[in-house]
Amino acid sequence: TQYDLIITNGVVVSDTEVQEWDIAVKDEKIAKVVRRGGLKDAKAGKTIDAEGGYVMPGGVDAHVHLQEPPLFGKGSTADNYETGSRSAVCGGTTTMVTFAPQKKTEDTLLDTLAATHERAEDNCYIDYSFHIIVGNPSEKALSEFKTLREEGISSLKIYMTYAALQLHDGQILDILFEARKQGITTMIHAENGQVIDWMTAQLEKQKLFAPKYHASSHPPMAETEATYRAISLSEFMDTPILIVHVSTPAAAAHIKAAQDRGLPIYAETCPQYLFLTKQDLDQPGFAGSKCVCSPPPRESAADCDAIWDGLANGTFTILSSDHCPFRYDDAALGKKSSVSAEYPLGRFKYIPNGCPGIETRLALTLSANRLPLPKFVQVTSANPAKLYGLYPRKGALVEGVSDADINIWYPEGKMVEFELRNEMLHHDVDYSPFEGRKLKQWPRYTVLRGKLVWDRENGGLLGEKGYGRFVKRGSSSLAKPSKEGEWVLPL
Ligand code: URP
Ligand code: ZN
Ligand code: ZN
Ligand code: ZN
């Protein structure tokens with residue numbers, strides 16, 4: 001046959017337009033994108049009738065923690081590469097960028113990379129790459145950036161908080177300097193760790209231990225200050241950065257102001273900051289711990305609205321899950337591990353930070369119906385691909401160029417609104433922070449490199465573990481220094 005797969009009667013949404021197009025797939029790639037009806041004489045191994053539903057490039061989730069060692073002073077994350085990528089594909093995400101974390105006690109980054117490859121290899125349902133977490137910017141580690149880049153790793157993450165990972169400003173400059181030279185994009189977790197530690201000690205002194213005090217211990221100021229500091233360091237070094245998981249309107253305002261000045265500052269937010277507030281941490285008993293992540297959900301719906309606005313106006317380049325799951329009821333490592341006979345409400349400072357969300361990111365956001373469709377495709381697929389050197393192979397449906405990674409959604413009126421339940425999900429986690437949310441959409445079909453890997457009504461998960469491949473990434477097509485040539489010491 002001429003094609004492996006044809007998708008007809010879809011409404012194709014790209015990052016710039018919405019069109020009635022039909023799509024043909026051959027040898028894992030998008031072969032043709034033509035006006036509706038234009039493929040009616042073509043022969044294909046399989047045809048999917050989208051029945052008027054939206055057809056989009058598969059989701060790209062660029063912030064995922066899987067099978068990480070206990071770096072945040074707490075347990076290992078719950079999902080491994082198999083269960084995390086399985087959950088991803090069942091929610092329409094076809095590419096993920098997970099973390100390869102270097103510990104403070106390690107000298108080299110290349111061992112970290114090799115160990116992470118080993119965890120992922122033959123275990124993934126979807127395509128994947130890694131960001132390196134630099135915990136120790138030793139001379140050796142810095143000298144390895146060049147090799148990382150050659151190995152297809154064009155981004156790294158650093159932390160301004162968490163005792164086990166927190167870097168001081170001189171170390172951050174060391175990293176930005178070397179990252180600039182090698183064309184690596186630096187992601188920054190911008191929270192002031194000392195402010196958080198100080199607040200935590202004050203709350204502990206007053207015996208305020210319940211999960212809701214996690215939010216008090218991470219005041220917006222800690223994020224706003226660190227965000228401005230990160231922007232300042234980036235401007236000084238003329239090196240692009242991406243501020244991860246932004247939750248605070250004041251931090252978003254600093255980012256917007258920097259962007260308006262033409263600086264290469266990029267930012268990410270996550271569904272947690274669109275859908276959850278501090279009140280979600282204040283639930284009966286210990287249940288509030290299910291929504292403990294860092295930064296925490298903020299004060300009120302007005303904060304969420306401001307974050308939505310930031311997505312709509314381009315302050316946030318990408319929307320990632322920050323999938324970083326810990327089980328709720330797991331005495332050794334889960335959220336409840338901070339509960340003891342003495343502290344039946346647990347002590348917030350021992351609750352592992354992070355929530356699951358790799359499977360719910362796309363459906364939650366599309367169901368909310370608050371973004372223009374091309375904007376939705378930008379922030380969930382095209383932009384993460386551009387930012388992290390995967391575009392247009394990922395995040396697009398370009399003839400002869402893009403991998404055939406495709407989501408087909410339900411046509412208007414075909415899906416009845418339903419309430420999200422954790423048992424619908426495919427992760428290895430015993431809760432979702434979004435339990436009970438009303439959803440109007442879910443991916444009906446998902447295609448990864450031409451193969452139907454999710455068919456919600458006929459078999460559900462059809463993909464196979466091991467089909468997902470490591471993708472070597474190029475340089476960012478967005479994040480570049482504003483000046484060419486070597487950085488010169490200002491005198
Ligand atoms: O609470 C969070 N976000 N945990 C994951 C670690 C991180 O900082 O991304
Ligand atoms: Zn972080
Ligand atoms: Zn994270
Ligand atoms: Zn299922």
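See above for the structure.
*Asks:* Give me the sheet that holds strand S12 (residues 185–189): which residues, what numbers.
*Replies:* The parallel open sheet is built from eight strands, whose spatial order is S8-S9-S10-S11-S12-S13-S14-S15. Across the chains shown, the open sheet's two edge strands, defined by having one partner strand only, are strand S8 (59–64) and strand S15 (318–319). Of the pairings in the sheet, the one linking strand S13 (residues 241–243) to strand S14 (residues 265–269) comprises three bridges and is parallel in character. By the bridge assignment, Ile243 is partnered in S14 with Ala267.

*Asks:* Residues and numbers for the site of ligand 1, please.
*Replies:* The environment of ligand 1 is made up of 14 residues, and the closest members are His65, Lys157, His189, Ser294 and Asp322. A distance of 2.7 Å is found between an oxygen atom of ligand 1 and a backbone nitrogen or oxygen belonging to Ser294. Within the contact set of ligand 1, an oxygen atom lies 3.3 Å away from a backbone nitrogen or oxygen of Gly354. Its atoms largely coinciding with the cavity grid, ligand 1 occupies the largest cavity. A breakdown of the residues in the shell around ligand 1 according to their chemical character gives five nonpolar, seven polar and two charged.

*Asks:* If you had to explain the packing of helix H5 (residues 169–182) against helix H8 (residues 220–237) to someone new, which residues and values would you point to?
*Replies:* The contact between H5 and H8 brings their axes to 10 Å, and the two run at 45°. Taken as axis vectors, H5 and H8 run oblique relative to one another. The chirality of how H5 crosses H8 is right-handed. Between H5 and H8, the residues in contact are Asp169, Ile172, Leu173, Leu176, Phe177 and Arg180 and Arg229, Leu233, Ser234, Phe236 and Met237, respectively. Taken together, the residues of the contact of H5 with H8 sort by class into seven nonpolar, one polar and three charged.

*Asks:* Run through the coordination of the zinc ion (ligand 2), naming residues and quoting values.
*Replies:* When four donors bind a metal tetrahedrally, each ideal donor-metal-donor angle is 109.5 degrees, and when six bind octahedrally, the ideal angles are 90 or 180 degrees. Taken together, Lys157 (NZ), His189 (ND1) and His245 (NE2) make up the full set of protein donors to the zinc ion (ligand 2), lying 2.1 to 2.2 Å away. Written as a sequence motif, the donor residues of the zinc ion (ligand 2) are K-x31-H-x55-H. The metal-metal distance between the zinc ion (ligand 2) and the zinc ion (ligand 3) comes to 3.8 Å. With Lys157 in strand S11 (residues 155–159) and His245 in the loop between S13 and helix H9 (249–260), this residue pair connects regions lying 88 residues apart in the sequence. Exposure remark for His245: the relative accessible area of 2% places this residue in the buried category.

Calculation criteria
- Residues numbered from 1 in each chain as written.
- Chains lettered and ligands numbered in written order.
- Predicted model: local features only at pLDDT ≥ 70, side-chain atom pairs only at ≥ 80, totals over all residues.
- Heavy atoms only, no water.
- Pairing = 2+ DSSP bridges.
- Helix = DSSP H or I, 4+ residues; strand = E, 2+ residues; numbered from the N terminus.
- Near = heavy atom within 4 Å.
- Polar contact = N/O pair within 3.5 Å; in protein donor to acceptor, adjacent residues only side chain to side chain.
- 1 Å grid on protein atoms, 1.4 Å probe; cavity = no way out; pocket = protein on both sides within 12 Å on 5 of 7 lines; lining within 4 Å.
- Sits in = over half its atoms within 2 Å of the grid points.
- Nonpolar A, V, L, I, M, F, W, Y, C, P; charged D, E, K, R; others polar.
- Axes fitted to C-alpha atoms, helices over the stretch in contact; angles between N-to-C directions.
- Parallel < 35°, antiparallel > 145°, perpendicular 65-115°, else oblique.
- Left-handed = near helix turned anticlockwise from the far one by under 90°.
- Contact = heavy atoms within 4.5 Å.
- Donors = N, O, S within 2.8 Å, 3.2 Å for Na, K, Ca; no water.
- Buried < 20%, exposed > 50% of the residue type's maximum accessible area, 1.4 Å probe, protein only.

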